[in-house]
Amino acid sequence: PSSSTTDALLQVTQYLYSSINQKGKFKPHTATSYNNIGSVYHNKGDYDNAHDYYNKALDIWKETLPEKHPDIAKSYNNIGSVYEDKRDYDIALDYLQKALVIWKETLPEKHPRIAKCYNNIGLAYHNKGDYDNAHDYYEKALDISKKTLPEKHPDMATSYNNTESVSGDKGDYDTALDYLQKGT
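Residues numbered from 1 in each chain as written. Predicted model: local features only at pLDDT ≥ 70, side-chain atom pairs only at ≥ 80, totals over all residues. Heavy atoms only, no water.

- Labelled according to an unreviewed UniProt entry, the protein chain appears under the name Kinesin light chain, originating from Didymodactylos carnosus.
- In the Subcellular location (unreviewed entry) part of its UniProt record, the protein chain is described as follows: "Cytoplasm, Cytoskeleton".
- Its UniProt record gives the protein chain a comment under Sequence similarities (unreviewed entry), which states: "Belongs to the kinesin light chain family." (UniProt positions renumbered as here; feature names shortened; annotations may be inferred.)

Encoded structure:
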């Protein structure tokens, strides 16, 4: 691992240990530390460790937060993304749909997290070869992004590029070209 990755893991681990009180009980922000460690492992491509730490965060959040809390949705989204990266698309979709349900109930209708979740669901469907569902979710993500982000925001380009990609995979090259031009 690179020194910056190792340094990041060391810092988060030190923070984690400091977030446990003298009786060995977890403070609420311990879950955030676990989630952050999971993110570092996820970015390294170490999906098994990422999954373990995301699940540790989820377990704590389930014990300490209401059932429909956005942090629980964040864990579901992260775990779903790990499964998507591991190419286990059906399990990924289960977790991503759980995240979407919570975020739709707890966040404003056009929140960027909902757009990102739609994009993640679209990606799982796309990689699974279900282009129609992928296109539908990419369009939902794009719709929210158009209403909430500046035109040149990187997430806008991602939404256009994903929609372009699935349109091309469906053989709709004119639509793909249109989306590609909008995303540049």
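Structure's up, so let's keep going.
### A look at helix α8 (residues 154-169)
Part 1 of the reasoning: Its 16 residues give α8 an end-to-end C-alpha distance of 22 Å, which sits within 8% of 22 Å, the value for a rise of 1.5 Å per residue.
Part 2 of the reasoning: Those residues of α8 not exposed but buried are Met156, Ser159, Tyr160, Asn162, Thr163, Glu164, Val166, Ser167 and Gly168.
Part 3 of the reasoning: In this structure, the buried residues of α8 make contact with α6 (112-128), α7 (131-148) and α9 (173-182). (Helix = DSSP H or I, 4+ residues; strand = E, 2+ residues; numbered from the N terminus. Expected span 1.5 Å × (residues − 1). Buried < 20%, exposed > 50% of the residue type's maximum accessible area, 1.4 Å probe, protein only. Contact = heavy atoms within 4.5 Å.)

### Some points on the nonpolar core
Grouped burial of nonpolar side chains is what soluble globular proteins tend to show.
Part 1 of the reasoning: Residues Tyr76, Leu100, Trp103, Ile114, Tyr118 and Ile121 are the most contacted members of the largest nonpolar core, which totals 39 residues.
Part 2 of the reasoning: For this core, the secondary-structure elements that each account for two or more residues are α2 (30-44), α3 (47-64), α4 (70-85), α5 (89-106), α6 and α7.
Part 3 of the reasoning: By residue number, the principal contributor to this core is α5, which donates eight residues.
Part 4 of the reasoning: Core analysis: the next-biggest nonpolar cluster, separate from the first, contains five residues, Leu142, Leu149, Met156 and Tyr179 among them. (Core = buried A, V, L, I, M, F, W, Y, C linked by side-chain atoms within 4.5 Å.)

### Brief notes about the pattern of salt bridges
Part 1 of the reasoning: Applying the stated rule across the entire model yields eight salt bridges.
Part 2 of the reasoning: Two residues, lysine 116 and aspartate 155, come together in a salt bridge whose shortest N-O distance is 3.6 Å. Highlighted residues: lysine 116 in helix α6 and aspartate 155 in helix α8, separated in sequence by 39 residues.
Part 3 of the reasoning: You can call lysine 116 partly exposed: its relative accessible area is 46%.
Part 4 of the reasoning: Between lysine 170 and aspartate 132 there is a salt bridge, with its nearest N and O atoms 3.2 Å apart. Residue lysine 170 is located in the loop between α8 and α9, and its partner aspartate 132 is located in helix α7; the two are separated by 38 residues in the primary sequence.
Part 5 of the reasoning: Exposure remark for lysine 170: the relative accessible area of 40% places this residue in the partly exposed category. (Salt bridge = Lys/Arg side-chain N within 4 Å of Asp/Glu carboxyl O.)

### Quick notes on the packing of α4 against α6
Part 1 of the reasoning: Running from N to C, α4 and α6 point in directions that differ by 25°, and their axes come no closer than 11 Å. Considered as vectors, α4 and α6 are oriented roughly parallel to each other. α4 and α6 meet at a crossing whose hand is left-handed. Two secondary-structure elements touch here, α4 through Pro70, Asn77, Ser81 and Glu84 and α6 through Arg113, Cys117, Asn120, Leu123, Ala124 and Asn127.
Part 2 of the reasoning: Tallied by class, residues from the contact of α4 with α6 come to four nonpolar, four polar and two charged. (Axes fitted to C-alpha atoms, helices over the stretch in contact; angles between N-to-C directions. Parallel < 35°, antiparallel > 145°, perpendicular 65-115°, else oblique. Left-handed = near helix turned anticlockwise from the far one by under 90°. Nonpolar A, V, L, I, M, F, W, Y, C, P; charged D, E, K, R; others polar.)

### Some remarks on the packing of aromatic side chains
Part 1 of the reasoning: Scanning the entire structure with this criterion turns up six aromatic pairs.
Part 2 of the reasoning: Centroid distance tyrosine 76 to tyrosine 95: 6.0 Å. Interplanar angle 50°. Geometry classified as tilted. You can see tyrosine 76 sitting in helix α4 and its partner tyrosine 95 sitting in helix α5, a full 19 residues away along the chain.
Part 3 of the reasoning: The exposure class assigned to tyrosine 76 is buried, which follows from its relative accessible area of 10%.
Part 4 of the reasoning: For tyrosine 95, a relative accessible area of 19% corresponds to the buried category.
Part 5 of the reasoning: Both rings, one in tyrosine 118 and one in tyrosine 137, keep their centres 5.9 Å apart while their planes meet at 50°; by these two values the pair is tilted. With tyrosine 118 in helix α6 and tyrosine 137 in helix α7, this residue pair connects regions lying 19 residues apart in the sequence.
Part 6 of the reasoning: Tyrosine 137 sits in the buried class, given a relative accessible area of 13%.
Part 7 of the reasoning: Among the aromatic residues, those joined into a ring-pair cluster are Tyr34, Tyr41 and Tyr53.
Part 8 of the reasoning: A cation sits over an aromatic face here: lysine 56 above tyrosine 53, 4.6 Å from the ring centre.
Part 9 of the reasoning: Taking the ring centre of tyrosine 137 as reference, the NZ or CZ of lysine 140 above it sits at 4.8 Å. (Phe/Tyr/Trp six-rings, centres within 6.5 Å; stacked < 30°, edge-to-face > 60°. Lys NZ or Arg CZ within 6 Å of the ring centre and 35° of its normal.)

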